[in-house]
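Now for the letters of each chain:
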Amino acid sequence: MTQKIQVANFAALGQVIDQAKVDALHASAVAAVEKLEKGTGEGNDFLGWLHLPSSITSEFLADVEATAKALRESCEFVVAIGIGGSYLGAKAVMEALSDSFDAYKPGKCKVLFAGNNIGEDYIAELMDLLKGRKFGIIVISKSGTTTEPAIAFRLLKDMLEKQEGKEEAAKRIVAITDEKKGALRSLATQEGYKTYVIPDNVGGRFSVLTPVGLLPIAVAGFDVKALVAGAVEMEQGDDTDVFTYAQTRNALYQAGKKIEILVNFCPRLHYFAEWWKQLYGESEGKDNLGIFPASVDFTTDLHSMGQWIQEGERTIFETVLSVGDQNATVVIPNDEANLDGLNFLAGKRVDEVNKMAELGTRLAHVDGGVPNLLITIPALTERYLGQLIYFFEKACGVSGYILGVNPFNQPGVEAYKKNMFALLNKPGYEAETAAIQAKLQK
């Protein structure tokens, strides 16, 4: 029998809403799915993700795997350059599947990231690491002019060419960009880079199942075929879990719960939460509306944020990611002296203790007025992560339409860029520069 992730609604236990208020949004959720399928809603020119998994061919995946294999065999490090959706999806999957201490183990090609910040020390330390080492570059940008990745690519391309020569460097650079236009497309054509296309109708935060995410994940040695297969299972299944999640979170929002905290009890899901925060924050935070997406890593953050969650302002709800099977088995031993008082745990798996911490926390938070949703993941594998990615993407589209916003644009992200360019005296921004200087002098 095919296993899938499952969503359960424990919100009613938080004594905030009853099931009737969740059910009242079902018609809106059904209408949202119809908008997605028929392309009649706002942002309908960015629905390429909706049936993307089932459109990916085995030939395409074989090509991605072949490119990844060539990079692994010729490089000690591969630097994936991108920001936002061009970075977080791949990072999320890789961290979820990786040995927590891979960075300290030799003999395997390591995927590093750049262009996701403008930290001078970060890029200097990265370049110092790469000096004299065999490395390659995956540069991801639809335009090729986004500031953070463009700076990183300029620096690392120059470094690679000086170390290896332009001809050899070109063999180790892969560009994932627009099909026909943009600075990076022009450069890739000029230099003869291997290229993959970012589909015009897939926004960055929905792009993890395009080459944007698939190539870095494959370079890291993970099974992109299984990842896509899991997404296909969710794409072709029914929308029951999508409805449960989208309806419940919107009912809670209407009841005054303005903050959603994505909770994990598995450290490897930290970056999955970072990807989720971009997906929902950028999709729903507009028109002065939207649930604020936050995240915590339990049990770690129970010793820091736990107090606020338990007894702070009651404007929050939690969505808990619960992982079923673990890869390893670690049993707590008996200790004759029992000075730590833990012999009552002797013979138990560490995961059993963790699961009881998870259940105990959910019960405590619900008792404290924090409604909970539970998403159960059978295991952290490529297949189940593929399911989870597609689930959250579709639920995001449905939830955004229930909320009444366009889930597929992000007009607000341009504000800081305009100010930054004006402050840096970028040509064409003279009027903005003058206006900002006048404002700063007041």
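Cut-off values and rules
Residues numbered from 1 in each chain as written. Predicted model: local features only at pLDDT ≥ 70, side-chain atom pairs only at ≥ 80, totals over all residues. Heavy atoms only, no water. Helix = DSSP H or I, 4+ residues; strand = E, 2+ residues; numbered from the N terminus. Buried < 20%, exposed > 50% of the residue type's maximum accessible area, 1.4 Å probe, protein only. Core = buried A, V, L, I, M, F, W, Y, C linked by side-chain atoms within 4.5 Å. Contact = heavy atoms within 4.5 Å. Patch = residues over 30% accessible without salt bridge, like charges linked within 9 Å, V, L, I, M, F, W, Y side chains within 5 Å. Areas by Shrake-Rupley, 256 points an atom, 1.4 Å probe, with all protein chains shown as cover. Salt bridge = Lys/Arg side-chain N within 4 Å of Asp/Glu carboxyl O. Pairing = 2+ DSSP bridges. Axes fitted to C-alpha atoms, helices over the stretch in contact; angles between N-to-C directions.

A. A look at unusual backbone geometry. Look at the link from Phe298 to Thr299: it is a cis peptide, with omega at 10 degrees. Inspection of the secondary structure assignment puts Thr299 in the loop between β8 (292-297) and α14 (306-311). Positive phi, close to 60 degrees, is recorded for Asn288, a residue that is not glycine. Inspection of the secondary structure puts Asn288 in the loop between α13 (270-284) and β8. Here Asn288 falls in the exposed class, since its relative accessible area comes to 83%.

B. Expanded view of the nonpolar core. Core analysis: the biggest nonpolar cluster contains 96 residues, and Phe272, Phe391 and Phe392 have the highest contact counts within it. Ranked by residues supplied to this core, first place goes to helix α16 (residues 382-403) with 13 residues. Those residues in contact with Phe392 that lie beyond four places of it in its chain are Tyr245, Leu262, Phe272, Trp275, Trp276, Leu279, Tyr280, Leu321 and Ile375. Grouped together as the second largest cluster of nonpolar side chains are 23 residues, Ile123, Phe153, Met159 and Ala175 included.

C. Summary view of a nonpolar patch on the surface. The grouping of Ile118, Ile151 and Leu155 at the surface amounts to a nonpolar patch, some 250 Å² of accessible area in total. Mapped onto the fold, Leu155 is located in helix α7 (residues 147-164). A relative accessible area of 34% means that Leu155 is categorised as partly exposed.

D. Molecular detail of the pattern of salt bridges. For the structure shown, the criterion picks out 27 salt bridges. A salt bridge links Glu73 to Lys69; the shortest N-O distance between them is 2.6 Å. Taken together, the positions of Glu73 and Lys69, both in helix α4 (residues 58-74) and 4 residues apart, correspond to about one turn of that helix. The partly exposed category is assigned to Lys69, whose relative accessible area is 43%. Ionic pairing is found between Glu161 and Lys157, a salt bridge with its closest N-O pair at 3.2 Å. In this pair, Glu161 and Lys157 are both assigned in helix α7, 4 residues apart and thus about one turn of the helix distant. Under the relative-accessibility criterion, Glu161 is labelled buried at 16%. Given the relative accessible area of 16%, Lys157 is considered buried.

E. Geometry of the sheet that holds strand β9 (residues 316-325). Read across the open sheet, the 5 strands follow the order β1-β10-β9-β7-β8; overall the sheet is mixed. The outermost strands of the open sheet, each flanked by one partner alone, are β1 (6-9) and β8. Geometrically, the sheet is characterised by an average inter-axis angle of 20 degrees between neighbouring strands, direction not taken into account. Lying on the sheet, helix α12 (residues 240-254) is in contact with β1, β7 (259-264), β9 and β10 (372-379); it crosses β1 at an angle near 35 degrees. The strands touched by α13 are β7, β8 and β9; relative to β8, the strand with the most contacts, the crossing angle is about 175 degrees.

F. Highlighting the sheet that holds strand β5 (residues 173-177). The strand order across the open sheet built from 5 strands is β3-β2-β4-β5-β6, with neighbouring strands paired in parallel fashion. The open sheet has two edge strands, β3 (110-114) and β6 (194-197), and neither has a second partner. Strand-to-strand twist across the sheet, computed as the mean angle between neighbouring axes with direction ignored, equals 20 degrees. Where strand β4 (residues 135-140) meets β5, 4 bridges bridge the pair, whose relative direction is parallel. Bridge pairing links Val139 to Ala175 in β5. Sheet strands in contact with α4 are β2 (77-81), β4, β5 and β6, and its direction is about 140 degrees off that of β6.

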